[in-house]
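Results of the structural survey
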Amino acid sequence: MNSIADIWQVVLERLHGELSETTINTWFDEIKSVDLQEKTFVIVCPSEFKRNMISSRYAGHIQEALRDIFSEDISIRLVSGEEEEKKQKSVSLFELDDYTFDTFVVGECNKLAHAAARAVADGASAHYNPLFIYGDSGLGKTHLIYAISHQFRKRMPNAKIVYIKGDEFLNEFIRLVRSNRGEEFRAKYRDADLLLVDDVQFVAGKEQSQNEFFHTFNTLYESGKQIVLTSDRQPSEMTLLDDRLRTRFEMGLQADVQAPDYETRIAIIKNKAIQRGFVIDDKSADYIARNVTANVRQIEGVVNMINAQRELTKKNMSDEEIEVIVRNAVQKNNEAIPTPDAIIAEVARFYGYNEADIRGPSRTRKHVNARNIAMYLIRNITGLSTIEIGKIFGRDHSTAVHSLDQVDARLKTDPSYSQVIKDITLNINYKG
């Protein structure tokens, strides 16, 4: 299933280059790929309506993306959620065997984080509360947080375990509070025996949600409940984080994960292949390890592609075929530049504004500031011209130039403004 899920992520990346962000969010937000049968890619849609709409409008786009990935025609079958529920029970992510301590490859890059995670899962140390694991995207933080949950559940079968991503915490808080269901929200998190928050950096910068998180943290901590947080940076580097929260994030144990060294990459490659039922020889493992160096997620993606090709062709891949897959994967990774839509969406999320306020005609000072930053980041991240940037915002070339000049001038005199742009950039790259 994980290899198929990774293929779907690649398909989505291709669709982002062809379809608007609104289209992606409307029709593909709740979709998950579920199976690869012979040469048929099976996709579950949340409803009959979405299945019919995707089938009539976007099936060709999906098949085109699959053809690019596999270099041959792959048919697709769209299944509604109702149909799928009749066939199988949904499986909790915490029950998946792929995300346990047994499948986590330990090296110098992650030794402390792994040891601390094991201690927390086994209840061996009350001093690691909270456990704060930090490092760049794709290095195994989420694997560790799932492994903690898996082991904690074995030790305490009736424990209430709550997992949430930082941006989802924000969205859920806003949704339930607006519908006068704040107590329901608080009960969900404050009654937990183990609270796991992935990508907690997204909580920073929002006063109400930070205040809610602060009280949730205190309630759990004072009750002796375990808290585990992951982030792409240390608490000290979260400039928009409330000082009260920063102090609490730092009061337990901070453990970093770094990019794996060569030996660890070799072990990860061989381990991931065995999990998927095949063996990679030493020559191919060496080639992958020397060329795929960014993170564990990229390594896993290559292994998944090799496995998918192996299953489709019903034969083991040759060294030469594996080298082609690696070259394509590395090239695609280098080309994965965030889109202007994604950049605008993150600026809007960061400030808590609607995207329409940033794109539209509003001359409110706060919206102009956010719009200037969005233009600046689009120019620096994507390299688009000021003419193209102006068109994105319904403005002319001179307006875009003026906005960029304003940002450049302020960056020279305002360190806090520089940090804001750095934080937004990190968030954009982290999501990408």
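Owing to the predicted nature of the structure, the values given are computational and were not obtained by experimental measurement. (Residues numbered from 1 in each chain as written. Predicted model: local features only at pLDDT ≥ 70, side-chain atom pairs only at ≥ 80, totals over all residues. Heavy atoms only, no water.)

A separate point is the overall build of the protein. Summing up its helical and strand segments, the protein has 21 helices and eight strands in all. Its C-alpha radius of gyration of 23 Å places the protein within 12% of the 22 Å reference for a compact globule of 432 residues. Considered along the principal axes of its C-alpha atoms, the protein spans approximately 60 × 55 × 45 Å. Out of the 432 residues in the protein, the part that is buried amounts to 50%. (Helix = DSSP H or I, 4+ residues; strand = E, 2+ residues; numbered from the N terminus. Rg over C-alpha atoms; globule rule 2.2 N^0.38 Å. Buried < 20%, exposed > 50% of the residue type's maximum accessible area, 1.4 Å probe, protein only.)

This brings us to the packing of helix α8 (residues 166–178) against helix α10 (residues 207–222). Interhelical geometry of α8 versus α10 gives an angle of 100° and a closest axis separation of 10 Å. One element, α8, and the other, α10, form an angle in the roughly perpendicular class. Within the contact between the two elements, α8 uses F169, L170 and F173 and α10 uses Q208, S209, E212 and F213. For the contact of α8 with α10, the per-class residue count stands at four nonpolar, two polar and one charged. (Axes fitted to C-alpha atoms, helices over the stretch in contact; angles between N-to-C directions. Parallel < 35°, antiparallel > 145°, perpendicular 65-115°, else oblique. Contact = heavy atoms within 4.5 Å. Nonpolar A, V, L, I, M, F, W, Y, C, P; charged D, E, K, R; others polar.)

Here the focus is the nonpolar core. The biggest cluster of nonpolar side chains holds 51 residues, and the ones touching the most others in it are F28 and I62. With eight residues, helix α14 (residues 296–313) is the single largest residue contributor to this core. Excluding residues that lie within four positions of it along the chain, I62 makes contacts with W8, V11, L15, F28, I43, I54 and I76. (Core = buried A, V, L, I, M, F, W, Y, C linked by side-chain atoms within 4.5 Å.)

This brings us to helix α20 (residues 397–411). Relative to the 21 Å expected for 15 residues at 1.5 Å per residue, α20 spans 22 Å between its end C-alpha atoms, a close match to the ideal helical length. Within the span of α20, buried status applies to A400, S403, L404 and V407. Angularly, the buried residues of α20 cover 95° about the axis, an arc narrow enough to put them on a single face. (Expected span 1.5 Å × (residues − 1). Arc of directions from axis to C-beta.)

Okay, the pattern of salt bridges next. Taken as a whole, this structure holds 21 salt bridges when the rule is applied. Of the charged contacts in the structure, one is a salt bridge between E300 and R276, with a shortest N-O distance of 2.9 Å. Residue E300 is found in helix α14, and its partner R276 is found in the loop between α12 (262–275) and α13 (282–291); the two are separated by 24 residues along the sequence. With respect to class, E300 is no different from R276; both count as buried. R290 is the partner of D286 in a salt bridge, and the nearest nitrogen-oxygen pair spans 2.8 Å. You can see D286 and its partner R290 sitting in helix α13, four residues apart, about one turn around the helix. (Salt bridge = Lys/Arg side-chain N within 4 Å of Asp/Glu carboxyl O.)

A separate point is the layout of surface pockets. In this model, the second largest pocket occupies a volume close to 640 Å³. Taken together, 19 residues line the second largest pocket, and the ones lying closest to its centre are N171, I174, R349, G352 and Y353. When residues in the lining of the second largest pocket are grouped by element, the largest group, six residues, is from α8. In terms of residue class, the lining of the second largest pocket is made up of seven nonpolar, six polar and six charged. (1 Å grid on protein atoms, 1.4 Å probe; cavity = no way out; pocket = protein on both sides within 12 Å on 5 of 7 lines; lining within 4 Å. Points joined across faces, edges and corners; volume = space filled by probe spheres on them.)

Attention shifts here to the environment of H127. Within the element layout of this structure, H127 appears in the loop between α6 (111–121) and β4 (131–134). Sequence separation between H127 and G252 is 125 residues; the distance between their C-alpha atoms is 6.3 Å. When residues no more than four places from it in sequence are discounted, the contact partners of H127 are G252 and L253.

Time to look at the pairing of strand β6 (residues 194–198). Among the five residues in β6, five count as buried, and that is most of the element. Where burial is concerned, the two faces of β6 agree: the one with L194, L196 and D198 and the one with L195 and V197 are both buried. Pairing of strand β5 (residues 161–165) with β6 involves five bridges; the strand directions are parallel. Directly across from I164, in β6, lies its bridge partner V197. Where β6 lies against strand β7 (residues 226–231), four bridges are found, and the strand directions are parallel. Bridge pairing in β7 links L196 to V228. Running through α10, the crossover from β6 to the neighbouring parallel element β7 is right-handed. (Pairing = 2+ DSSP bridges. Right-handed = clockwise from strand over helix to strand, strands pointing away.)

Here we come to the packing of aromatic side chains. Summed over all chains, the structure comprises 13 aromatic pairs. Their ring planes at 10° and their centres at 5.5 Å tell us that Y351 and Y353 sit as a pair that is stacked. Judged by relative accessible area, which is 19%, Y353 ranks as buried. An aromatic cluster of at least three residues, connected via ring pairs, comprises F132, F169, Y189, F213, F217, Y221 and F249. The residue whose ring lies beneath R244 is F214, and the NZ or CZ to ring-centre distance is 3.9 Å. The ring of Y262 carries R290 above its face, with NZ or CZ at 4.6 Å from the centroid. (Phe/Tyr/Trp six-rings, centres within 6.5 Å; stacked < 30°, edge-to-face > 60°. Lys NZ or Arg CZ within 6 Å of the ring centre and 35° of its normal.)

This part is about the confidence of the model for the protein. Confidence in the prediction of the protein, expressed as mean pLDDT, is 83, and 91% of residues score 70 or more. Predicted confidence is poor over residues 85–96, with pLDDT under 50, and the contacts of this stretch with residues over four places away or in other chains come to 12 contacts. (pLDDT = per-residue confidence, 0-100.)

The omega torsion of the bond from N129 to P130 falls at 0°, within 30 degrees of zero and hence cis. In this structure, P130 sits in the loop between α6 and β4. A positive phi angle, close to 60°, is found at D199, a residue other than glycine. Position of D199 relative to the elements: it lies in the loop between β6 and α10. Relative accessible area serves as the criterion here: at 6%, D199 is assigned to the buried category.

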